[in-house]
Amino acid sequence: MLLWTPIALTVAGVVLGLGLFAAADADPTHSSSALGYLGLVVWGALAVLSPVLLGSFIAGLVMLNRTRS
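If you're wondering where the values come from, they're calculated on a predicted model, not measured in any experiment.

Calculation notes
Position labels on residues start from 1 in each chain and follow its written sequence. At least 70 in pLDDT is required for a residue's local features to be given in this predicted model, at least 80 for side-chain atom pairs to be given and counted, and no such filter applies to totals for whole chains, interfaces and linings, which use all residues. As a rule here, side-chain values come from all non-hydrogen atoms in the structure, and water together with hydrogens is ignored. Under the scheme used here, helices are H or I runs from DSSP no shorter than 4 residues and strands are E runs no shorter than 2 residues, and both carry numbers assigned from the N terminus. For the radius of gyration, the atom set is restricted to C-alpha positions; the globular benchmark scales as 2.2 Å times the number of residues to the power 0.38. Relative accessibility under 20% of the residue-type maximum defines a buried residue, over 50% an exposed one, and the middle range a partly exposed one, all with a 1.4 Å probe and only protein chains included. The contact criterion used is simple: two residues touch if any of their non-hydrogen atoms lie within 4.5 Å. Note on areas: Shrake-Rupley, 1.4 Å probe, and residue coverage restricted to the protein chains presented here. Classification of ring pairs rests on two measures: the distance between centres of Phe, Tyr or Trp rings, Trp counted by its six-membered ring, which must be within 6.5 Å, and the angle between planes, read as stacked under 30 degrees, edge-to-face over 60 and tilted in between. Angles run from 0 to 180 degrees between N-to-C directions of axes, and those axes are lines fitted to C-alpha atoms, restricted for helices to the stretch in contact. Oblique is the label for any angle not covered by the other classes, which are roughly parallel (under 35 degrees), roughly antiparallel (over 145) and roughly perpendicular (65 to 115). Should the near helix be turned counterclockwise from the far one by less than a right angle, the crossing is left-handed, whereas a clockwise turn marks it as right-handed. For this classification, Asp, Glu, Lys and Arg are treated as charged, while Ala, Val, Leu, Ile, Met, Phe, Trp, Tyr, Cys and Pro are nonpolar and the rest, including Gly, are polar.

Asks: Help me understand the overall build of the protein in this model?
Replies: Scanning the protein from N- to C-terminus turns up two helices and zero strands. Scaling as 2.2 N^0.38, a compact globule of 69 residues should have a C-alpha radius of gyration of about 11 Å, whereas the protein reaches 16 Å, well beyond that. Among the 69 residues that make up the protein, the fraction classed as buried is 19%. Of all intrachain contacts in the protein linking residues separated by at least 6 positions in sequence, the fraction that spans at least 24 positions is 62%. Working note: accessible area of the protein is about 5,000 Å², and carbon and sulfur atoms make up 77% of it.

So, in structure tokens, the structure goes:
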């Protein structure tokens with residue numbers, strides 16, 4: 001759980017952000033600019049949460065190594 005949850009959240013956030021950027025870039029109207037800003041918010045949340053996700057991943061690796069030995 002501690003290993004795969006941070007990886008899944010990071011991958012989902014990057015894919016969601018890129019998808020929102022692509023959707024905002026594909027439609028040149030002014031109403032699509034909100035999608036680009038939402039993509040920036042998603043990437044900002046990933047930047048803020050990255051220490052927590054990294055700490056969870058490292059704790060999961062430590063636990064996995066202790067159970068194997």
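Asks: Could you clarify how one ought to interpret the packing of aromatic side chains in this entry?
Replies: One pair of aromatic rings is described through two measures. These are the centre distance and the angle between the planes. Enumeration over the complete set of coordinates arrives at one aromatic pair. Note on F21 and W43: the rings are 5.3 Å apart at their centroids and 70° apart in plane angle, and the pair reads as edge-to-face. One end of the pair, F21, is in helix α1 (residues 4-26); the other, W43, is in helix α2 (residues 33-68), and 22 residues separate them in sequence. Looking at W43, the relative accessible area reads 36%, which means it is partly exposed.

Asks: For this particular structure, what's the right way to read the packing of α1 against α2?
Replies: The description of two helices packed together rests on the angle between their axes and the distance between the axes. Between α1 and α2, the least distance of the axes is 9 Å, while the angle of their chain directions is 165°. Judged on the interaxial angle alone, α2 and α1 are roughly antiparallel. When you trace α1 past α2, the crossing you get is left-handed. For the contact of α1 with α2, the class distribution of residues is 18 nonpolar, six polar and no charged.

These figures capture arrangement, not role.
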